Structure formats: C-alpha cells, structure tokens
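Observations on the model geometry
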Amino acid sequence: MKIDLTNTTSGKINAALMEARRGSGATAAGMVLTLVIVTDEGSAYDALKAANDASREHPSRTLAVIKRAGRSPRARAETRLDAEVLVGSDAGSGETVVLRMHGELAAHAQSVVLPLLLPDAPVVVWWPDNAPLHPAQDPLGALAQRRITDAVTAESPVGQLAQRAQSYTPGDTDLAWTRITGWRSMLAAALDQRPSTITSAVVEGESYNPSVELLGLWLHTRLHAPVERVVTNGPGITAVHLRTKDGDITLDRPDGLMGTLSMPGSPDRQVALKRRETSELIAEELRRLDPDDIYAAAVRTPVDRLKEPDNAEQAAAAEVAGAVDETAAQAGEQGGEQVANPARVTAEAATGTAKKAAGKRAAKKAEA
C-alpha cells in the first residue's frame, strides 16, 4: 500500500500510518526499531532497497530523510513537507516513510523525524554518503543509539577514517568495518586452531579502500605486532599473511568470492569470503545496539602505524622514483603489487621498474 501526502505534517503522516496498518489487517506495529536514512534523491533508491531487505531480519520503521533546500531564493523560501507512506510488500517487513523536506525545513529535519519515531524503541541513523563530520553532534544523530557511516563513499576514504577517529562517540560505526567481519572471524578461528606467536603481518588490498586499513589496524591492536600494508589491484582485500616462526598463516582471496586458508602443517582449505551486499551489512549492524569497543580501538589507531615492506624491490623502487615518464607509464601497465604510502594510501610504487633497476645492478656486478 502506498499513500502520497503533499504539503503535510508529522501528525498527518502518523495518521496515514495508522490507517495503512488497519487496512492491512495488522493490530500492532510489531517493529523493533526505527531506522533513519539521511540521503539524497540519487542514493535514495539503493538505500531504501537495502533497508527493506534488512527489515526481513529486523522489522523496523524506516524514515528516509531527503533534504531539498532548493537552488533559487524562491525555492529556498518555500517550506514544505511531502511524504510517501509505504506499508506491506512495498516496505519489506515494516513501514517506510519517505520524507522530502523543502526550503528552510531541510535545516530542521529532527523536528519532523522526532514525532515519527517508534515509542520505546531504539533509533539507528544511517548516512549512505555525505556523512557529517561529527555524527553524534548532528541533530539527527543525537536522536540515535547507533550511527552508521560509510567511509568508502568519501572523496578521501583513508582521510575519512582519521575524521571518524577524531569524532568517535560510543555508538558510532562504519560499514568499512562491517565489511571485514568475515576476515576477522576466519583469522581468529585460524589462530584458535593453531595458537602461534605472530611476529609480523601483511595486509594486501586495493587502494582507496578503508576496509584494508581497518583490518591492518585491527591486527596491529590485537597482535601487538608490526603490520605492512601492500596495494594490489583488488577486488577489495586480497590477502592477509601472519608471519610465525613455523611459517605463514595465509588467507588469500584473489577473486572476491572464495578464499584459501593455508597454515603450516595443514592442507589448504577453501572458505566462503564473498563480498556482501549493503543490505547484509546493514542487517549485521542492526543486530547490536551497544558500543563497539573493538571498532573504537581500531579506528583510533593512527593509520601511519601500518608499515611499508622493507625489501630490495622497495629500495629499488625508491631509487627510480624520479625515472622518466615513459618508464613510469610502462611500470603502471605491468599492474604488479605496489606499496602504499602509510600516511595516504593512494600512492602507487613502480614495482615493475624496481625489478628492472635490480636487474641492471645485478648485471653491473656480473660485469665487474
């Protein structure tokens, strides 16, 4: 059932929800929380689809807040609230209200949302993109017990992690952290099966992916060992190597679907590490409403704790950093693994050029 309301109020929206619930034959709400999605028109469809899918596990009232302040002075002067009320199959297992706030009302979204919250139920606010610098201080974020952001949508994902560390408040979380749950579970299970002293670790993954940094920072905080960060072509996280005196414990996932767990003295095992949809990530976050202390410890660890690999190839790469543009272009075409700058994980080292330089030095030594 869908009800369109133009130039409406929160009271009329509540009345429409009651009417729609009675029309569908439901005598009680039966919902466990209120999910507030703060988005724009471009991202609203995907965000609502993910929330509707997640509602099958967590029946909830979903409030999509779309702010349309207006481009012209006349549009900004007009204050109006339009709403779409969706109940039944159109809203998953809960209720959905799409709130379009025009003009000055967009700056006071909390005054519209507050009367629509389910009584005595937790509130979760999710920013699919364009999250505020301080989610807990945002007027909508202040209403919630949990606040969900997504660093991967920012212009500078790794820089966004630094901002999340600075503004962290208990109840904050990020989908970049949720994406590594499978990796953390597999690595913890591997160490439970084969307890070992980890001397160092290597995390490999694509550039501009904050999940790679968070996984490395988590390993650093839990193992108290140096962690190297290596840039690859992806997709996402491609491998983790835990160094021990008996050999490496390796979890490798080159295709984004299946991973291979290798441990000294044991046969390789195939494990499921599929990259998950947003609806699955949201459903996982809605399972817990208490502060995530492990995420807090990881995100508050400075990203420069991740080290660059120290080997001959990287030294050679540094020597040829000032090579001519043609050589650099050829190295970029080779697409090999590259080392990340720990302060800003976007740099690409010329591994192919490094190998050439190492080969030239070896040839000179042979001639000598």
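In this report, we go over the structure that sits alongside the text. (Residues numbered from 1 in each chain as written. Predicted model: local features only at pLDDT ≥ 70, side-chain atom pairs only at ≥ 80, totals over all residues. Heavy atoms only, no water.)

1. Let's talk about the sheet that holds strand E5 (residues 95-102)
Within the open sheet, the eight strands sit side by side as E1-E4-E5-E3-E2-E6-E7-E8. Their pairing is mixed. Each edge of the sheet is formed by a strand with only one pairing partner; in this case those strands are strand E1 (2-5) and strand E8 (172-174). When strand polarity is set aside, the average angle formed by the axes of neighbouring strands in this sheet is 15°. Summarising the sheet, strand E6 (residues 123-126) and strand E7 (residues 146-149) pair through three bridges and their orientation is parallel. Its bridge partner lying in E7, valine 124 is registered against arginine 146. (Pairing = 2+ DSSP bridges. Helix = DSSP H or I, 4+ residues; strand = E, 2+ residues; numbered from the N terminus. Axes fitted to C-alpha atoms, helices over the stretch in contact; angles between N-to-C directions.)

2. Here we look at the side chain of threonine 181
Note that threonine 181 resides in helix H7 (residues 181-193). Not counting the four nearest positions on each side in its chain, threonine 181 is found in contact with Arg276 and Glu284. (Contact = heavy atoms within 4.5 Å.)

3. What to know about helix H1 (residues 10-23)
Helix length check: H1, at 14 residues, gives a terminal C-alpha distance of 20 Å against a target of 20 Å (1.5 Å per residue), a fit within 8%. Among all positions of H1, only Ser10, Ile13, Ala16, Leu17, Ala20 and Arg21 are buried. Along the axis of H1, the buried residues cluster in a sector spanning 135°; they form a single face. Structural note: H1 exposes Glu19, Arg22 and Gly23 on the side pointing more than 90 degrees away from its buried face. Of the surrounding elements, those touching the buried residues of H1 are E1, strand E3 (60-68), strand E4 (80-87), E5 and helix H4 (109-113). (Expected span 1.5 Å × (residues − 1). Buried < 20%, exposed > 50% of the residue type's maximum accessible area, 1.4 Å probe, protein only. Arc of directions from axis to C-beta.)

4. Regarding the layout of surface pockets
Within this model, the largest pocket holds a volume of roughly 670 Å³. Around the largest pocket, the lining comprises 34 residues; the ones closest to its centre are Arg179, Arg276, Glu277, Thr278 and Leu281. Contributing elements (two or more residues each) for the lining of the largest pocket: helix H2 (41-54), H7, helix H8 (210-223) and helix H9 (278-285). By residue number, the principal contributor to the lining of the largest pocket is H2, which donates six residues. (1 Å grid on protein atoms, 1.4 Å probe; cavity = no way out; pocket = protein on both sides within 12 Å on 5 of 7 lines; lining within 4 Å. Points joined across faces, edges and corners; volume = space filled by probe spheres on them.)

5. Points about the nonpolar core
Judged by nonpolar contacts, the single largest core of 33 residues is most densely connected at Leu187, Leu215, Leu219, Val240 and Leu242. Sorting the residues of this core by element identifies helix H6 (175-178), H7, strand E9 (200-206), H8, strand E11 (237-244), strand E12 (247-252) and helix H10 (293-299) as the ones contributing at least two each. Leaving out residues up to four positions away in the same chain, valine 240 has contacts with Trp183, Leu187, Val202, Val203, Leu215, Leu219, Ile249, Thr250 and Leu251. (Core = buried A, V, L, I, M, F, W, Y, C linked by side-chain atoms within 4.5 Å.)

6. Focus: the packing of H2 against H9
Closest axis-to-axis distance for the H2/H9 pair is 8 Å, and the angle between their directions is 55°. Here H2 is positioned oblique relative to H9, judged by the angle of their axes. Note on packing geometry: the crossing formed by H2 with H9 is right-handed. Touching Ala50, Asp53 and Ala54 of H2 are Thr278, Ser279, Ile282 and Ala283, all from H9. Its residues placed into classes, the contact of H2 with H9 shows four nonpolar, two polar and one charged. (Parallel < 35°, antiparallel > 145°, perpendicular 65-115°, else oblique. Left-handed = near helix turned anticlockwise from the far one by under 90°. Nonpolar A, V, L, I, M, F, W, Y, C, P; charged D, E, K, R; others polar.)

7. Digging into the pairing of E4
For E4, the tally of buried residues reaches eight of eight residues, placing the bulk of the element in the interior. The pairing of E1 with E4 spans four bridges and is classified as antiparallel. When the sheet's bridge partners are listed, lysine 2 is paired in E4 with leucine 86. The pairing of E4 with E5 spans eight bridges and is classified as antiparallel. Within E5, the residue paired with alanine 83 across the bridge is leucine 99.

8. Here's the deal with the packing of helix H5 (residues 157-167) against H8
For any two helices packed against each other, one specifies the crossing angle of their axes together with the interaxial distance. Put simply, H5 and H8 touch, their axes get as near as 8 Å, and they point 50° apart. Considered as vectors, H5 and H8 are oriented oblique to each other. For the pair H5 and H8, contact is made by Pro157, Val158 and Leu161 and by Pro210, Glu213 and Leu214, respectively. Partitioning the contact of H5 with H8 into residue classes produces five nonpolar, no polar and one charged.

9. Let's talk about the packing of aromatic side chains
Within the structure shown, the criterion is met by two aromatic pairs. Ring-pair connections join several aromatic residues into one group, and the members of that group are Tyr168, Trp177 and Tyr295. (Phe/Tyr/Trp six-rings, centres within 6.5 Å; stacked < 30°, edge-to-face > 60°.)

10. Description of the side chain of threonine 173
Residue position: threonine 173 is located in strand E8. Among the polar contacts listed, one links the side chain of threonine 173 to the side chain of glutamate 285, at a separation of 3.5 Å. Apart from residues lying up to four places away in sequence, threonine 173 is in contact with Arg146, Arg147, Ile148, Thr149, Glu285 and Tyr295. (Polar contact = N/O pair within 3.5 Å; in protein donor to acceptor, adjacent residues only side chain to side chain.)

11. Regarding H5
For H5, every residue scored as buried is listed here: Pro157, Val158, Gln160, Leu161, Gln163, Arg164 and Ser167. For H5, the elements touching its buried residues are E7, E8, H8 and H10.

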